[in-house]
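Residue-level structural notes
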Amino acid sequence: MSTPAATMVSPLQIGPHTVQPPVVLAPMAGITNAPFRTLCRGFAEGDGWGPGGRPPGAGSGGKGLFVSEMITTRALVERNEKTMQLIHFDATEKPRSIQLYGVDPATVGKAVRMIAEEGLADHIDLNFGCPVPKVTRKGGGSALPYKRNLLRAILREAVSGAGDLPVTMKMRKGIDDDHITYLDAGRIAVEEGVTAIALHGRTAAQHYGGTADWDAIARLKEHVPEIPVLGNGDIWSAEDAVRMVRETGCDGVVVGRGCLGRPWLFSDLVAAFEGRTDDSARPTLRAVADVMVRHATLLGEWIGDEARGVIDFRKHVAWYLKGFAVGSEMRKRLAITSSLAELSDGLAELDLDQAWPLGADGPRGRTSGNNRVVLPDGWLKDPYDCAGISEDAELDTSGG
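All of the points below concern the structure found in this document. Small disclaimer: the values here were computed from a predicted structure and weren't measured.

1. Digging into the overall build of the chain
In terms of helices and strands, the chain carries 15 helices and 12 strands. When the 400 residues of the chain are sorted by exposure, 59% land in the buried category. Contacts in the chain between residues far apart in sequence, at least 24 positions, make up 75% of those at least 6 positions apart.

Right under this line is the structure:
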C-alpha cells in the first residue's frame, strides 16, 4: 500500500455544517449503525488506536460526515420499533445524518417533517442509488431518477419539509448504459434546492462489478457547478481518494466498501487531506484484533445483548482478516462465535505479531456486476410519467 501524496481541498459545506476534510461514510445496510459510526469517527478524530479505543470527543465534529444506514420513510412515519432504534445517535455525533429511502412524495414529505419538527437529525440524505431488487422493483433507489417528474416531486417535498435542515442526495449514473440519468437528475436537484450530490460512478445494472466511472463524476461537477459534488466508487485507500479529487475536481469523497473491516481508513483519509502524507495506518494483526473485539462489544451494548452483538459482528470477520495468514478452519470458527470471550480466545490463538500484509487492500463486500435490474412493469416506457406510484410502493422496513 503506497503512501498518498498530500492534496489540499476546500471544506465541504452541507448547509450550516462545515465538513473538513470532506470525507463521508456512505450509508450501508446492516453496516453503518451507531457502533460502526463510532469506530470510524474515532479513527477520523485520532482516538481510534487509543487505550481501550476511546470514543470520539463530545461535540468535536467536523472530521468527516458519518451517515446512518438506510431508513425507510414509511417505517419512520409509522414509528417502526427497529427503525426508531436505527435513528438513535450517540450524544457525540454531530452533525447527525440520516439517509432516507422513499418512492412516494407524500410519505417522504411526512418523514422529513417528522425529523425536522422532532429534532431527530441535523442533515437528511436521500437514497437514489440502491441497486438491490427489492428496492428497484418498487421503483426506488437507483431506478427512481429515471422518472424525472417523480424525482422532482420527492425532492420538492423533502426540501420544503426540512425547514433549515440541509437535504442532499446520493445516486448512480442510471439504470444501465441505455438509460443514463445522472445529468438530468443533477440539474433537477439544483433547481429544487438540494445542498449537495454524491454520485456512485456505476449504473444499477453494474451493482458493484467492474470499475467505477470517475469521468462521470467529473462531468457531473461541470454540469452542476452551483453545489458540491461528491465522488463515490472504488476508493480502497487514501491514495484513491486523493486521486479521485485530483482527476475529477469533485468536492469530496464518499467511502463505502473501502472501510469494511478497515474503519481506520478514516484516519488515513484525514491525514492525506490534511497533508500528513506519512501518517497512514499499518496495523499489526494484534491491533486489528483489538478493534474487532471493540466493534463486537459496541454492537452488543447497542443491541442490549452480548450474544446478539457478536452474532451481528460475524459478517465483519472476513473483512477484518483479509490478507492476514489465518487458516480457513480458524476463519470459520471466528465467523460462528457467539460470545466476546469466544471471539477473544479465538483471536488470541493467532499469530498476532503479523505485520500489515501486502495486498490487504482492494475490493471487499459485494462485487457482482452485469445484473438485470428488476423494475416495475412498464417503468421504462416513459421517463416522465409516474402514475401508479403511491405509499403502497414504500418498503415497510429499514436497513436495506
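2. Comments concerning the pattern of salt bridges
Enumeration over the complete set of coordinates arrives at 22 salt bridges. The salt bridge involving Glu-78 is made with Arg-74; its shortest N-O contact spans 3.3 Å. Two residues, Asp-122 and Arg-96, come together in a salt bridge whose shortest N-O distance is 3.0 Å. Here the residue Asp-122 occupies a position in the loop between helix 4 (105–118) and strand 6 (123–128), and Arg-96 occupies one in the loop between helix 3 (81–86) and strand 5 (97–101), the gap between them amounting to 26 residues. We classify Arg-96 as partly exposed; its relative accessible area is 22%. Each of the salt bridges in this network shares a partner with another, and the network as a whole consists of Arg-152, Arg-156, Glu-191 and Glu-192.

3. So, the packing of aromatic side chains
What the rule picks out here adds up to six aromatic pairs. Ring geometry for Phe-43 against Trp-264: centres 6.2 Å apart, planes inclined by 75 degrees, an arrangement best described as edge-to-face. With Phe-43 in helix 1 (residues 34–44) and Trp-264 in the loop between strand 12 (252–255) and helix 10 (265–273), the pair connects residues that are 221 residues apart, well separated along the chain. Exposure class is identical for Phe-43 and Trp-264. Each is buried. Relative to Trp-356, the ring of Phe-324 has its centre 5.9 Å away and its plane inclined at 90 degrees; by these criteria the two rings are edge-to-face. With Phe-324 in the loop between helix 13 (317–321) and helix 14 (328–334) and Trp-356 in the segment after helix 15 (340–348), the pair connects residues that are 32 residues apart, well separated along the chain. Classification of Trp-356 by relative accessible area gives buried; the value is 14%. Put simply, the rings of Phe-43, Trp-264, Phe-313, Tyr-320, Phe-324 and Trp-356 touch in pairs and so form one group of aromatic residues. Stacked on the ring of Trp-379, the Lys or Arg Lys-147 has its end atom at 5.0 Å from the ring centre. Lying over the aromatic face of Tyr-208, Arg-172 brings its terminal NZ or CZ to 5.0 Å of the ring centre.

4. Description of the pairing of strand 6
Within strand 6, six of the six residues are buried, leaving the element largely enclosed by the surrounding structure. On strand 6, burial covers both faces: His-123, Asp-125 and Asn-127 on one face and Ile-124, Leu-126 and Phe-128 on the other are all buried. At this point the chain moves from strand 5, through helix 4, to the parallel strand 6, and the crossover so formed is right-handed. By the bridge criterion, five bridges tie strand 6 to strand 7 (residues 167–172) in an arrangement that is parallel. Directly across from Phe-128, in strand 7, lies its bridge partner Met-171.

5. Focus on the packing of helix 6 (residues 148–162) against helix 7 (residues 182–191)
At a minimum axis separation of 10 Å, helix 6 and helix 7 run at an interaxial angle of 30 degrees. On the basis of the axis angle, helix 6 is roughly parallel to helix 7. The element helix 6 and its partner helix 7 pack so that their crossing is right-handed. Along the contact surface, helix 6 presents Arg-148, Leu-151, Arg-152 and Leu-155, while helix 7 presents Asp-184, Ala-185, Ile-188, Ala-189 and Glu-191. Taken together, the residues of the contact of helix 6 with helix 7 sort by class into five nonpolar, no polar and four charged.

The rules behind the values
Residues numbered from 1 in each chain as written. Predicted model: local features only at pLDDT ≥ 70, side-chain atom pairs only at ≥ 80, totals over all residues. Heavy atoms only, no water. Helix = DSSP H or I, 4+ residues; strand = E, 2+ residues; numbered from the N terminus. Buried < 20%, exposed > 50% of the residue type's maximum accessible area, 1.4 Å probe, protein only. Contact = heavy atoms within 4.5 Å. Salt bridge = Lys/Arg side-chain N within 4 Å of Asp/Glu carboxyl O. Phe/Tyr/Trp six-rings, centres within 6.5 Å; stacked < 30°, edge-to-face > 60°. Lys NZ or Arg CZ within 6 Å of the ring centre and 35° of its normal. Right-handed = clockwise from strand over helix to strand, strands pointing away. Pairing = 2+ DSSP bridges. Axes fitted to C-alpha atoms, helices over the stretch in contact; angles between N-to-C directions. Parallel < 35°, antiparallel > 145°, perpendicular 65-115°, else oblique. Left-handed = near helix turned anticlockwise from the far one by under 90°. Nonpolar A, V, L, I, M, F, W, Y, C, P; charged D, E, K, R; others polar.

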